[in-house]
Amino acid sequence: MSLAQRILDSDLRAAARLMRDLDDGFRSAAEEMKSLYPHTGRAFILGITGPPGAGKSTLVDQLTAAYRQRGRRVGVVAIDPTSPFTGGAILGDRIRMNRHAEDPGVFIRSLATRGHMGGLSRSTGDVVNVMDAMGMDVVIIETVGVGQDEIDIVRMAHTTVVVSVPGLGDDIQAIKAGVLEIGDLFVVNKADREGADRTARELSAMLEMKQTKPGDWQPKVLLTEASRNKGIEEMVDEIEAHHAHLVDSGALERLREERSARQFMDLLRERLFAEVYDHIHVNGRFREIVEDMAARRTDPYSAVEMIIAERFTGGQTPNS
Amino acid sequence: MTERTLRILVGKPGLDGHDRGAKIIARAFRDAGFEVIYTGLHQTPEQIVSAAIQEDVDAVGLSILSGAHNALLPRVCQLLKEKNADDIVVFGGGVIPDDDIPGLKQAGVSEVFTPGTSTDSIVQWVRENVAPRA
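Residues numbered from 1 in each chain as written. Chains lettered and ligands numbered in written order. Predicted model: local features only at pLDDT ≥ 70, side-chain atom pairs only at ≥ 80, totals over all residues.

- If you check an unreviewed UniProt entry, chain B appears there as Methylmalonyl-CoA mutase from Geobacter hydrogenophilus.
- Per UniProt, the comment on chain B under Cofactor (unreviewed entry) is "adenosylcob(III)alamin". (UniProt positions renumbered as here; feature names shortened; annotations may be inferred.)

- Naming follows an unreviewed UniProt entry, where chain A appears as GTPase of Geobacter hydrogenophilus.

1. Quick word on the overall build of chain A
Right, so step 1: For chain A, the helix and strand inventory stands at eleven helices and eight strands.
Right, so step 2: Reported as C-alpha extents along the three principal axes, the dimensions of chain A are approximately 65 × 55 × 45 Å.
Right, so step 3: Taking all contacts inside chain A whose residues are at least 6 apart in sequence as the whole, residues at least 24 apart take part in 71%. (Helix = DSSP H or I, 4+ residues; strand = E, 2+ residues; numbered from the N terminus. Contact = placed C-beta atoms within 7 Å.)

2. Here we look at the sheet that holds strand β5 (residues 111-113) of chain B
Right, so step 1: Judged by pairing direction, the sheet is parallel, and its six strands sit side by side in the order β3(A)-β2(B)-β1(B)-β3(B)-β4(B)-β5(B) without closing on themselves. The outermost strands of the open sheet, each flanked by one partner alone, are β3 (89-91) of chain A together with β5 of chain B. For this sheet, the mean angle separating the axes of adjacent strands, direction not counted, is 25°.
Right, so step 2: Looking at chain direction, strand β4 (residues 89-94) of chain B and β5(B) are connected through three bridges and run parallel. The residue of β5(B) that forms the bridge with B:Gly92 is B:Val112.
Right, so step 3: Here helix α2 (residues 45-54) of chain B sits on the sheet and contacts β1 (7-13), β2 (35-43) and β3 (59-64) of chain B; the angle it forms with β1(B), its principal contact strand, is near 170°. (Pairing = 2+ DSSP bridges. Axes fitted to C-alpha atoms, helices over the stretch in contact; angles between N-to-C directions.)

3. Notes on the domain arrangement of chain A
Right, so step 1: Structurally, chain A comprises domain 1 (40-249) and domain 2 (263-312).
Right, so step 2: For domain 1 of chain A versus domain 2 of chain A, the distance between C-alpha centres works out to 38 Å. (Domains from an automatic or database assignment.)

4. Overview of helix α9 (residues 251-282) of chain A
Right, so step 1: In this model α9(A) runs 46 Å from its N-terminal to its C-terminal C-alpha over 32 residues, within 8% of the 46 Å that 1.5 Å per residue would give.
Right, so step 2: Residue A:Gly284 follows α9(A) closely and has a positive phi angle near 85°. (Expected span 1.5 Å × (residues − 1).)

5. Some points on the interface of chain A and chain B
Right, so step 1: Listed as interface residues are 27 residues of chain A and, on the opposing side, 26 residues of chain B.
Right, so step 2: Those elements that provide at least two residues to the side of chain A that touches chain B are α2 (12-23), β3 and β4 (106-112) of chain A.
Right, so step 3: Element by element, the count of residues in the side of chain A that touches chain B is highest for α2(A), at six residues.
Right, so step 4: The pairing of β3(A) with β2(B) spans three bridges and is classified as parallel. Across the sheet, the residue bridging to A:Leu91 is B:Ile37, located in β2(B).

6. Looking at unusual backbone geometry
Right, so step 1: Of note, the phi angle at A:Lys190 is positive, near 55°, even though the residue is not glycine.
Right, so step 2: Residue position: A:Lys190 is located in the loop between β7 (185-188) and α7 (196-209).
Right, so step 3: Note on A:Lys190: 22 C-beta atoms within 10 Å, which makes it buried.
Right, so step 4: Despite not being glycine, B:Asp56 has its phi angle at roughly 50°, a positive value.
Right, so step 5: Relative to the elements of secondary structure, B:Asp56 occurs in the loop between α2 and β3.
Right, so step 6: Accessibility expressed as a C-beta count within 10 Å gives 24 for B:Asp56, which makes it buried. (Buried ≥ 20, exposed ≤ 12 C-beta atoms within 10 Å, placed from the backbone.)

So, in structure tokens, the structure goes:
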């Protein structure tokens, strides 16, 4: 039986294996995804992002518990960085989530970034789709600890929560571009620490400066203490409120469309590149071009035009 | 075909709170280029097996310093078997008397590393004995 069929029959090992094949870039995984794709598109996708040590994993653990209490099945995709030197990784997000290990309504998968920038792994979208096909009602994506510019999550998730903690910087940090622009909800975790109220105030002030139209979603700032389960119910309520807003305003449809377009473009880019690269690697053109560039007999711009012409237009350059 | 990255779960079953050894091993595996799923302290065998399945690991490495190895390690092997997952290699390390090792191997533990073993030799053993499952 195919992995896809086994996954639809609730076989956890098959699901785990397909996620591995996707992560390892196996071509066979594409065949399986073809059969699973019609069964996707039902899950609500929630993104949790924020700097290292902000308490993302602990929040995800508490959110998982809260969603389970509300009767939802929960998938978790937790991403940690790959070592740029050895390719190895220590994936430690599960440490905070062990109490859900035996709950059949929870499936947790750790992924390493494997060199991918943007806070997610290349495989994240596909792994989310597998969980969706497994019948998870909510899929929570926990990004790597982010700095200021890793914002892939906003294109993957329906609702994005930006987690902050007191004491990371002054209010100018809060008006910079990047991560702070993408939150549908802001959470100041470790709210028992000194400065939590100030951090929340600065975030609120930043949000108030944002130009909005009537009917636009107004992101709130909430205080939580994830390790003591404080503020979690309010957080889930606010996430649900955002979800309802997305549905009512028609924004969810638009997000789904954007996500589809993006997935198609990413795959197209990847496959086209692999197709061309494999070809010129095997026939020796790659080596030739690199050598010609070193000797300044050609430049990368002309070389790319030539290769595209050879591969797609039967030798005619695009401009001729 | 594309190459697999080896995935290994490192965890501490049972009640002892000494995780220095497990962390050193996790770090050595990372430096060897493996992906380590580190599940931390105080794990039940059930939690470990469930995590191993969800994470699709090739091997489970368990550190035990509590003396409960004769109960915990065979239990992990047994649960893996019940879940049709005994293709996942189990190895252990810690303060484990030599006399207990044959019984553990009988129960399905592939190797047992005792105090004084270098991290290099453990990495070497993994490279030779744990193949990424096809």
